[in-house]
Amino acid sequence: MFLPHTDADREAMLRTIGVDSLEDLFCDLPDVNLFPEINLPPGMTEIEVLEEIQHIADANETTGELISFLGAGVYNHYTPAVVDSILRRGEFYTAYTPYQPEISQGTLQAIFEYQSMIVALTGMDASNASHYDGATAVAEAVNMAYHNFRGKRSKVILSPGLHPHYRETVHTYVVDSDIQLEGEDTPFDAGPEALIPLIDENTALVSVAYPDFFGRVFDYTKLVEAAHEAKALVAIHVNPLALGLLTPPGEFGADIVTGEGQSLGIPMAFGGPYLGIFATKDKYVRKMAGRIVGETQDTRGQRGFVLTLSTREQHIRRERATSNICTNQGLLALAAAVYLSLLGKNGLRQLAELNYHKAHYAAQQIASIDGFELANSETFFNEFTIRCPKSAAELNEALLHYDVLGGYDLGKSYKGLDDHLLIAVTEMISKEEIDHFVNALKEVSNA
Amino acid sequence: MPDLSTSLKVEPTVFDISSPGRQGHYFPKSDVPQTNLPKGFVREDLPLPEIAEVDVVRHFTRLSQLNHGVDTGFYPLGSCTMKYNPKINEETARLAGFAKLHPLQPTETVQGAIGLMYELQEWLKEISGFTGLSLQPAAGAHGELTGVLIMRAYHKARGDEKRVKMLIPDSAHGTNPASSAMSGLKIVEIPSDSRGNIDMDALCAECDDTLAGIMITNPNTLGLFDENFKEVCDCVHEAGGLIYGDGANFNAIMGISRPADIGVDVLHFNLHKTFSTPHGGGGPGSGPVGVTEELAPFLPGPIAAVLDEGNAEEPPLFGLINPEKSIGRVKAFHGHFGVLVRAYTYMMMLGGEGLKAASEHAVLNANYIQARLRDTFTIPHDRICMHEFVLEGHWDDALDIHALDISKRLMDFGIHPPTNYFPLIVPEALMIEPTETESKETLDVFADTMIKIAEEAHTNPELLQTAPHNTPFGRLDEVKAARELVLCCWFPEDKEE
Amino acid sequence: MNFPKELKYTENDEWVRVEGDEGTVGITDYAQDQLSDIVFVEFLVDVGETFDKGDTFATVESVKAAADVYMPVSGEVVAINEDLPDAPEQVNSDPYGEAWMIKIKVSDASELSDLLDAAGIENLERDH
């Protein structure tokens, strides 16, 4: 399959090489189970494969069939048709990393535009071309802060309001370093001020989220001031869609902004691929890992773009590089660039407001049911936490019978929150569906 | 604003074509009562571009036309396996039954998706000989980091804390030492011998009780299968070290040799190379990690598993589990699922025999080009190569010509250059990997072009030094980019000033 | 390649101009030529800090390579050329003048005798 060779081609080629058979080309391999029998299903044609895989896809119940209030870092948004139609252009998706700028200006300019729009959205000075996802972006922020102080500061403070998966990822990344992680066990309902007493002269980074995992929107100005007083850096993790409405984290004085870009037109696709956003201040640009595109000129005087600052990277610095990152999420950065260009200034604001209003309507309706209560008094965007009269797991199971995906059971990630549901509402959910959810909650909580 | 009048090839940026009041996509009016916007948290301005839908489409379409991709022409970029990306992959990955799944849905609603992950795990294990496998890592370098963390965790779990030395051949990709350094290991570089194999004396001298392991790419980055491989494995294993296999070059050995059978303990796959998922202009990739039985408990979770075998009436029940001594997550959720669907589709199309044929023809194609260019270029390690080979892009009687000039001249003929200046141990290296999906005619055009360029190098060197000529852009000034560091377009308000 | 006679050199292509117990340090004409267009200079030390011979005190980058610059002898850093990061091209144009990097107070004068003279470094680079 996918081989253009005819028998005559093969024979002619073997003759040119000077061997008799394909097997002869493998003469250097150790004679241990050479040419093993591979126990895979026999190859199939496109028709057969599509039928088979459609069958597998049909075994899933999708957010198209179920009414989904699941968020927890991944959100059910609409992807405009334009985004996928651009992503499907072979010139974009079958190209490699743009090492040869003369024939890669499409990818390079698209990434440059992506970087620019991330800067506009976050209020920072510079963005890289992306990391793998929100979790690895946060881990790279930890890595960057540690190297910024040349290893002389080893404490990193993680807010309990950072996504549990992101915190787990950071733990995995730093296990063999002398970095100590603190702050995760501060009471989650205490707010960002509770992290201030932990900041000291050994602190490299304070990492928080905006909105945080519980949906809360905090003003981080005081926390940033306290951190900067101790000369520590602050990284704020964002949902970029929320920045269509909310004050950009640059205004709080953040040194690093990380983000999960999935909400910018990228399908949920059962967990990925997504888009790790990473932006920083001018003075830290050279400490930032990952690919960066810069503007320049070609020999004909035309404005063009190249990968720049590559001496920070592994292919030049090898073991002295601060990160091993090589591939980024180029195609997803393109998706975000198309999405943001299309919605633009007014579209993104409209969408953010739509999410805000729907979530607030849902929160009010749910909080008015007997026994249910909004757990966060703080500002929230499109996601909020509800204290329930029953265990969240029990409620979710019952809600499935109403074709509702109820929300994230916070007990899975936080001790003592077994009766807390994290509920997200996006533009994909209508008022009727919210009302259906509220009625279902009434019924299942009384049952 | 830059002067765009000089050329039609320069596409203005999205900020350049923005006009206040335009919008490319609209949302329905809110059907719920309005809530007051959050006091003190509403941003004042949002400096994003404002463009109509048609102009967004034209802008990005025109940008795409400035790119070379596998779909537009030959792409023999060494070590990157730029094979054809089947269109069917793009269809299956976009099926609503996959694209519209939330990663945290109850497992009973996503049995198809977890089942697909399980089967892909089994297939990758079958073709590599490993016992355990995690699909979580997001890319090759991410898989390397995962593998190295697994090796360290394994040694530590045995109470063997002093194993902090990682051996890395001098031909290795830069991610190998960088990944090892990220996990706190001390790197010792091992030279290559005159046949391009690992130097055994240098290797054995480093095999002591501080050895964590060795990271080997085999076939190596010279495109050669290391003839000492078995001895290398024995030497490292005897010292208590582990063998890390960089699967970047797995496309040479599918169905021919299984890494686990010949001594590798842990290996990452590059689904975006070997298993035909697109490179996307630099991602997304996917870097699953396979390991032997003793390392399996350390894999990152979650991993797809059969929780209940099922029976004649009931299908098996799949679930996600965490291995008992797991190093922990290396990213959020369960890996690049959309990429996994593409790789799964590809493996299903080819089957076991098809994968073997893919590797055989990848090696055939590389050897054919090597044979055709042998008389024109210096090939530093002239043996049967695997799926790629390295030649020297210079001649003693044309000293002003460098590998880069050859590369840039190739663009004039619609061919993407090979990998330049890598591996570092070959002067003026050009690393050529044709892949199996290219026809003899394409290979012949490439070989003929290379021979023609070699002639030009001697008769008209300036033609190479000033190349490319037929591309939309000439050589770009990297020094200017690095010194002036413009990383972001102007915002609309800047233009008004 | 230009190697001024009055300077001392390391095998790693740093130069030192010794005046009393103070030494001014930079990289050689040969080193800048090998690196080609320098785009970035970063100092990894502060005035007042003391380092051993061989410790890294700066990084110099072109678009293709990054090189560490090492202390030629042990000593305390007494001055840093703060203008250099804003004009890294001076390393190419004037490696022995404008592009000096740091001044150090030499702590062990005997280490100076281990350094090469102009003839010594010239021979070394000719063999490369």
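Each value, and the rule that gives it
Residues numbered from 1 in each chain as written. Chains lettered and ligands numbered in written order. Predicted model: local features only at pLDDT ≥ 70, side-chain atom pairs only at ≥ 80, totals over all residues. Helix = DSSP H or I, 4+ residues; strand = E, 2+ residues; numbered from the N terminus. Contact = placed C-beta atoms within 7 Å. Rg over C-alpha atoms; globule rule 2.2 N^0.38 Å. Buried ≥ 20, exposed ≤ 12 C-beta atoms within 10 Å, placed from the backbone. Nonpolar A, V, L, I, M, F, W, Y, C, P; charged D, E, K, R; others polar. Expected span 1.5 Å × (residues − 1). Axes fitted to C-alpha atoms, helices over the stretch in contact; angles between N-to-C directions. Parallel < 35°, antiparallel > 145°, perpendicular 65-115°, else oblique. Left-handed = near helix turned anticlockwise from the far one by under 90°. Domains from an automatic or database assignment. Pairing = 2+ DSSP bridges. Core = buried A, V, L, I, M, F, W, Y, C linked by C-beta atoms within 7 Å.

J.: How should the overall build of chain A be read in this particular structure?
T.: Within chain A one finds 12 helices and 17 strands. Dimensions of chain A, computed from C-alpha atoms along their principal axes, come out at roughly 80 × 55 × 50 Å. The long-range fraction of contacts in chain A, counting pairs at least 24 apart against all pairs at least 6 apart in sequence, stands at 72%.

J.: What is the right way to read the overall build of chain B from this model?
T.: Helices and strands together make up the secondary structure of chain B, namely 14 helices and 12 strands. Rg of the C-alpha trace for chain B: 26 Å, near the compact-globule value of 23 Å for 497 residues, within the 12% margin. Projected onto the principal axes, the alpha-carbon positions of chain B cover approximately 70 × 70 × 45 Å. Within chain B, the proportion of its 497 residues that are buried is 59%. Expressed as a percentage of contacts within chain B between residues at least 6 apart in sequence, the contacts between residues at least 24 apart total 73%.

J.: Hey, could you run me through the interface of chain A and chain B in this one?
T.: Buried accessible area, meaning the area lost when the parts come together, often serves as the stated size of an interface. Listed by partner, the interface residues are 167 residues for chain A and 174 residues for chain B. Counted by class, the side of chain A that touches chain B contains 80 nonpolar, 61 polar and 26 charged residues.

J.: In this structure, what is going on with helix H4 (residues 111-128) of chain B? I would like to understand it.
T.: Each α-helix winds once per 3.6 residues, and so residues spaced three or four apart point in a common direction. The first and last C-alpha atoms of H4 of chain B sit 26 Å apart over 18 residues, in line with the 26 Å expected at 1.5 Å per residue. Phi for Gly129 of chain B, located one or two positions after H4 of chain B, is positive at around 85°.

J.: Explain the packing of helix H1 (residues 7-17) of chain A against helix H9 (residues 337-373) of chain B here, please?
T.: Each packed pair of helices is defined by two parameters, the angle between the axes and the distance between the axes. It is at 8 Å that the axes of H1 of chain A and H9 of chain B come closest, and there the two elements cross at 50°. It follows that H1 of chain A is oblique to H9 of chain B by the angle criterion. The handedness of the crossing between H1 of chain A and H9 of chain B comes out as left-handed. The residues of H9 of chain B that touch H1 of chain A, namely those facing Met13, Thr16 and Ile17 of chain A, are Leu364, Asn367, Tyr368, Ala371 and Arg372 of chain B. In terms of residue class, the contact of H1 of chain A with H9 of chain B is built from five nonpolar, two polar and one charged.

J.: What am I meant to see in the domain arrangement of chain A here?
T.: All names here are of chain A. By the assigned domains, chain A splits into domain 1 (67-78 + 345-446) and domain 2 (81-339). With centres defined by C-alpha atoms, the gap from domain 1 to domain 2 works out at 28 Å. On the side of domain 2, 19 residues touch domain 1, which itself brings 23 residues to the contact. Mapped by element, the contributors of at least two residues to the side of domain 1 that touches domain 2 are helix H10 (330-367), strand E13 (379-380) and strand E14 (383-387). Here the side of domain 1 that touches domain 2 takes seven residues from H10, the largest share from any one element. Of the residues contributing to the side of domain 1 that touches domain 2, the split by class is 11 nonpolar, eight polar and four charged.

J.: Sorry if this is basic, but what is going on with the sheet that holds strand E9 (residues 276-280) of chain A here?
T.: Whether parallel or antiparallel, the strands of a sheet pair through hydrogen bonds between backbone atoms. Residue and element names in this part refer to chain A. In space, the seven strands of this open sheet follow the order E2-E9-E8-E7-E5-E3-E4, with mixed pairing throughout. With partners counted over all chains shown, the strands left at the sheet margins are strand E2 (126-127) and strand E4 (180-182), one partner each. In the sheet, strand E7 (residues 233-238) pairs with strand E8 (residues 256-260) via four bridges, with the strands oriented parallel. What sits directly across from Ile236, in E8, is Val257. Most of the contacts of helix H6 (residues 134-148) go to E8, to which it runs at about 165°, and overall it touches strand E3 (155-158), strand E5 (203-210), E7, E8 and E9.

J.: What is the right way to read the sheet that holds strand E2 (residues 165-169) of chain B from this model?
T.: Residues and elements named next belong to chain B. Sheet architecture is open: seven strands sit in the order E1-E7-E6-E5-E4-E2-E3, paired in mixed fashion. Looking at strand neighbours, the two that pair on one side only are strand E1 (132-134) and strand E3 (186-190), the edges of this open sheet. Adjacent strand axes in the sheet meet at a mean angle of 20°, parallel and antiparallel pairs treated alike. Two strands pair when backbone bridges link them, and strand E5 (residues 242-247) and strand E6 (residues 266-269) are joined in this way by four bridges, in the parallel orientation. The residue bridging Gly247 from the neighbouring strand is Phe269, located in E6. The sheet contacts of helix H5 (residues 140-157) involve strand E4 (211-217), E5, E6 and strand E7 (289-291), and relative to E6 the element is tilted by about 165°.

J.: How do you make sense of the environment of Trp395 of chain B when you look at a structure like this?
T.: Residue and element names in this part refer to chain B. Looking at the secondary structure, you find Trp395 in the loop between strand E10 (389-392) and helix H10 (403-411). The class of Trp395 is partly exposed, set by 15 C-beta atoms lying within 10 Å. As a C-alpha pair, Trp395 and Ile406 span 11 residues in sequence and 11 Å in three-dimensional space. Ignoring sequence-local partners within four residues, the contact set of Trp395 consists of Ile401 and Ala457.

J.: What am I meant to see in the packing of helix H2 (residues 46-58) of chain A against H9 of chain B here?
T.: At their nearest, the axes of H2 of chain A and H9 of chain B sit 10 Å apart, and the two run at 135° to each other. Taken together, the axis directions place H2 of chain A and H9 of chain B in an arrangement best described as oblique. Judged by the twist between their axes, the crossing of H2 of chain A over H9 of chain B is right-handed. Residues Val49, Glu52 and Ile53 of chain A of H2 of chain A pack against Thr345, Met348 and Met349 of chain B of H9 of chain B.

J.: Help me out: how do you make sense of the nonpolar core in this one?
T.: Buried together is how nonpolar side chains tend to be arranged in soluble globular proteins. Val142 and Val338 of chain A together with Ile150 of chain B are the most contacted members of the largest nonpolar core, which totals 341 residues. Here this core spans two domains, since at least three of its residues come from each of domain 1 (67-78 + 345-446) and domain 2 (81-339) of chain A. Not counting residues within four places of it along the chain, the set of residues in contact with Ile150 of chain B comprises Val266, Val291, Leu295, Phe298, Leu299 and Ile327 of chain B.

J.: Please explain the environment of Asp234 of chain B as it appears in this structure.
T.: Residue and element names in this part refer to chain B. Tracing the backbone shows Asp234 in helix H8 (residues 229-238). A count of 13 C-beta atoms within 10 Å places Asp234 in the partly exposed class. Along the sequence, Asp234 and Gly263 sit 29 residues apart, while their C-alpha atoms lie 8.0 Å from each other.

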